[in-house]
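# Geometric and topological summary
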Amino acid sequence: MRRTNRIIPTYTGDVSGACSALFELGGMVVIHDPSGCNSTYNTHDETRWYDHDSLIFITGLTERDAILGNDDKLVDDVVEAARQLRPRFIALCNSPIPFISGTDFAAICRLVERACGIPCFYVRTNGMHDYVTGAGNAWVALARRFVRPGARCEGTANILGATPLDLGVAGSEVPLRAFVGEAGFHTLSCWAMGSTLDDLSRAAEAQVSLVISASGLSVARWLYEQAGIPYVVGFPVAGFAPMLADSLRRAARTGRCLWPATVGHGGPGEVCCAFVGEPVLSASLAAAAEREMGLAARVVCPLEVPDELVGAVDRCVEGEEGVEEALRGVRTVVADELYAPIVGEGVRHVALPHQAFSGRNGWRTAVDPTTLDIRKLLA
Amino acid sequence: MLRRLGPSAVRAGETSSPALFASRLEFNPPAHGTWNIVHIGMLVPQAHQIYVCALNCMRGVVLTAAEMGAQDRFSCVVLHEEDITRGTVEQVTLEGIRDVLRKLPELPPCVIVFPVCTHLFLGVPMGRVYRQLEEEFPRVDFVRAWMDPISKRRMIPDKRLRKVMYDPLRPCDPDEGLVVHLGSDHALADDCDLRGLLAAGGMRLRSIHDCATYDEYRGLAHAGTFVSTYPNGSYGAQACAERLGRRHLYLPGSFSYDEIEAQERQVCSELGLPVPDFATRRASCDKALADAREAVGDTPLAVDALAHPRPLGLARLLLEHGFDVREVYLDAVNPEEEDELSWMRTHAPEVELSATVLPDLRVAPRVREREMLAIGQRAAWFTGTSHFVNIVQGGSLWGFAGVREMARLVAEAAGCERDARDLIVRKGLGCESCI
């Protein structure tokens, strides 16, 4: 049964994904939840919590209020906190019980905004999807409120999809900016590490977007649809970065979206290596393995991602059983350390920590993915 | 000069009732040493835990197990949105648990199942699920736990688990020489008064912490007397004692000499034990506290409610022995401490009583004019000190020995610096931590 995990963990959920996406932007995120969502997020999914005072709260929903619909308390509590703390925006997130009871978040956002004058928007979550969906929905909701139309700024780019959930190590956005610079672009906004809300509000002026994780795809599509900004999907790992830089320049020139990582692997030959996890980084590593080492590789993606991120030989899977099936026949598996119990006997397991999977268990061995070199990784 | 207080703190002298703070939005300070339901469930030897919930709710518990290095005793069943819209939550719950059990290398003797708020709100008939499971797996004890934090007014999951985890203890002949301590995360210290009192009368004290196997754990049912010392554990201990027809003594950890003496006299009276010399015990505590006071000097102190269920009693003890207690962190007053609050109103009106989860505290300055000494992880975080007693939920303290040990820990904290950033973020103090 694909719903069960006998021994491996689950990925970060959508609410945590939304919180992580909005963490650095000076807003206030309120999760309408009894308990748990906040401690889960800040304990396991947020590397910045101890040092940075981001305003992320739960409402402490009670059984009685959930049944009787005491929305006034929710509004009053949010408004009171907003008046005390003066955030740039307020984002409300849903959780399973208000989802079941059908809480009208759009209306609550209007009431809050009217009462305190601070932009308030709803991030579509319910605790039942993974962080890719939550972060993606958060950034699209933010973009709808804050991204302003503007004249195209030649030679500029957005970086989309940066959270510690995928980057793991603090400061990983700096080498990403350097890569974009070497490709010939100035980074206008990085969604959402190391940029301000004001930086993000200028995203529609960029010439091209670089989507470095699946979380960034939704807002990339939004920018493409709303402002015609083409996007390129890939992560600049050694061996693949030159191809990605070429794609960025080509997309800027032609206005066409490109998926060099997704189409850059899956060539002829029997698949002998599998990369398990976030599909953009995994596909970029697979492309590097194929280009640099001639290895036929497959991405095994246990996350909810759209088809455009899945290559011809890749597998989108569900649960522990799905991953086990997709790994059959491969000789090398590159995956987080906590996948070890389900990597088959005699199969080589190359551990690559992923914050969105193993949380704090991988902190001590975390690597900045921008430093990954496929030859060293598979040596 | 008195510090200016924010909206989430009040001076003891200004309180008018035990309801100190209204319910508002909450944040979560990064001090995680207290045990959660995963840690507590792991106390049952050889038990396997299965959680059935949505992805976001699963994350905290599944990684708790991973951080303990206990993934092999934890499994999960993930609920999807369509289970709610199509009404298949019951079916997925049953099939998921069944699937996990079939995939385990060996069938465990005990499975602790945690359905969640979703099951509660959808009215999923968990009784029917358990009946079906018990038919299919007759050699397994299914423990009926919940992870339903929304049920705040009825029974919090922690308290319920401390009851149901003892449901597998079955009626049997009592051993009047055996006393079993239930409901606490930590075993009582080796030198704790209770062990000494019982030993003096030829009796033994055991707890779940002494049991390596499920059979040993089931053997706790032979106790002639059950005792509990942790407030959230008393309900379960009482229920277990009633079910098995045994005596139960609730002896909450305390810092009041009078209360401790009364508890120890009660133990001696109920169990027919020799009464010790309490004057000597009181004097030994005074001596330990005087030594600690000398080690601490005039350093101001902060105490938090997660360090011990009696933070006001602890503050009072320290104040009465000349310590400069300035801050107490607590979100609510333990009903057992209303007299202590009343005492502080009169005798220590300037002490700050501060919440720990209210929104303005997220951005409150975490530095003091001079470094403080904190008792508890949250107090350490809020005051930004590296001198702190790293203890949660009362640790192993009890009785006069507990007072002496607390005094020793305070003196020790005064003389050593600890890395709060490394220590207090670790979950489940006392459990293995792989991070």
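Going along each chain's sequence as written, the residues are numbered from 1 onward. Going through the entries in the order they are written, you letter the chains from A and number the ligands from 1. The predicted nature of this model means local features are confined to residues of pLDDT at least 70 and side-chain atom pairs, given and counted, to a pLDDT of 80 or more, with totals for whole chains, interfaces and linings taken over all residues.

## Comments concerning the overall build of chain B
In plain terms, the rule: Counting from the N terminus, the helices are DSSP H or I runs at least four residues long and the strands are E runs at least two residues long. Throughout, radius of gyration means the C-alpha value; the globule benchmark is 2.2 Å times the number of residues raised to the power 0.38. With C-beta atoms placed from the backbone, a residue counts as buried when 20 or more other C-beta atoms lie within 10 Å of its own, as exposed when 12 or fewer do, and as partly exposed for counts between those limits.
Per the secondary structure count, chain B includes 17 helices and 14 strands. In terms of overall size, chain B behaves like a compact globule, its C-alpha atoms giving a radius of gyration of 23 Å where 435 residues would be expected to give roughly 22 Å. If you line up chain B on its principal axes, its C-alpha atoms span 65 × 55 × 40 Å. In chain B, buried positions account for 51% of the 435 residues.

## Side note on the environment of Asn390(B)
Residues and elements named next belong to chain B. Put simply, the rule reads: Throughout, a residue-residue contact means that the two C-beta atoms, derived from backbone geometry, are no farther apart than 7 Å.
Here asparagine 390 lies in the loop between strand S14 (388-389) and helix H16 (399-415). Judged by local crowding, asparagine 390 falls into the buried class, with 20 C-beta atoms found within 10 Å. Apart from the residues lying within four places of it in its own chain, the contact partners of asparagine 390 are Gln377, Arg418, Leu423 and Leu429.

## Concerning the interface of chain B and chain A
To keep things clear, this is the line we draw: Whether two strands pair depends on DSSP finding at least two bridges between them.
Chain B puts 53 residues into the contact, and the matching count from chain A is 59 residues. When contributions to the side of chain B that touches chain A are tallied by element, the ones reaching two or more residues are helix H2 (55-67), strand S3 (74-78), helix H3 (81-86), helix H4 (89-103) and helix H5 (117-122) of chain B. Ranked by the residues each element gives to the side of chain B that touches chain A, the list is headed by H2(B), at 10 residues. Both strand S1 (residues 4-5) of chain A and S3(B) contribute to a ladder of two bridges, which runs antiparallel. Counterpart to Thr4(A) in the pairing with S3(B) is Val77(B).

## Remarks on the nonpolar core
To keep things clear, this is the line we draw: The term nonpolar core refers to a set of buried Ala, Val, Leu, Ile, Met, Phe, Trp, Tyr and Cys residues connected through C-beta atoms within 7 Å.
Leu22(A), Val29(A), Ala91(A), Leu92(A) and Leu248(A) are the most contacted members of the largest nonpolar core, which has 268 residues in total. When sequence neighbours within four positions are dropped, the list of residues in contact with Ala91(A) reads Leu22(A), Gly27(A), Val29(A), Phe121(A), Val123(A), Ala138(A) and Ala141(A).

## Side note on the confidence of the model for chain B
Heads up, the rule is: The score called pLDDT rates the predictor's confidence residue by residue, from a low of 0 to a high of 100.
Residue-level pLDDT values for chain B average 96, and 100% of them are 70 or greater. Across the whole predicted complex the pTM is 0.96, and at the interface the ipTM reaches 0.95.

## With respect to the domain arrangement of chain B
Applicable threshold: An automatic or database domain assignment supplies the residue ranges for each domain.
Domain assignment breaks chain B into domain 1 (9-29 + 285-423), domain 2 (45-164) and domain 3 (175-271). Between the C-alpha centres of domain 1 of chain B and domain 2 of chain B there is a distance of 36 Å.

## Observations regarding the packing of helix H1 (residues 14-22) of chain A against helix H2 (residues 37-45) of chain A
All names here are of chain A. Applied cut-off: Inter-axis angles, ranging from 0 to 180 degrees, are taken between N-to-C directions of lines fitted to C-alpha atoms, where helices are fitted over the stretch in contact. Should the near helix be turned anticlockwise from the far one by less than a right angle, the crossing is termed left-handed; should it be turned clockwise, right-handed. Residues are grouped as follows: Ala, Val, Leu, Ile, Met, Phe, Trp, Tyr, Cys and Pro are nonpolar; Asp, Glu, Lys and Arg are charged; every other residue, Gly included, is polar.
Relative orientation of the contacting elements H1 and H2 amounts to 65°, with a least axis distance of 10 Å. Once H1 is placed against H2, the crossing between them reads as right-handed. Residue-level inspection shows Val15, Ser16, Cys19 and Ser20 of H1 in contact with H2, the latter providing Cys37, Thr40, Tyr41 and Asp45. Looking at side-chain class alone, the contact of H1 with H2 contains four nonpolar, three polar and one charged residues.

## Details of unusual backbone geometry
For the bond running from Trp191(A) to Ala192(A), omega is 0°, close enough to zero to count as cis. With respect to the element layout, Ala192(A) can be found in the loop between strand S7 (186-191) and helix H10 (197-201). Phi is positive for Gln46(B), close to 65°, though the residue is something other than glycine. Along the chain, Gln46(B) falls in the loop between helix H1 (37-41) and strand S2 (47-53).

## Comments concerning the sheet that holds S3(B)
The strand order S1(A)-S3(B)-S2(B)-S4(B)-S5(B) describes an open sheet built from five strands, whose pairing is mixed. Among the strands making up the open sheet, the edge pair consists of S1 of chain A together with strand S5 (141-144) of chain B. Lying on the sheet, H2(B) is in contact with S2 and S3 of chain B; it crosses S3(B) at an angle near 170°.

## Some words on the domain arrangement of chain A
All names here are of chain A. Entries for chain A in the domain assignment read domain 1 (14-145), domain 2 (147-261) and domain 3 (264-377). Look at where the C-alpha atoms of domain 1 and domain 3 centre, and you get two points 32 Å apart. Taken together, the contact pairs eight residues of domain 1 with seven residues of domain 3. Where the side of domain 1 that touches domain 3 is concerned, the elements lending two or more residues are H2 and helix H7 (131-146). Element by element, the count of residues in the side of domain 1 that touches domain 3 is highest for H7, at three residues. Looking at the side of domain 1 that touches domain 3, its residues break down into two nonpolar, four polar and two charged.

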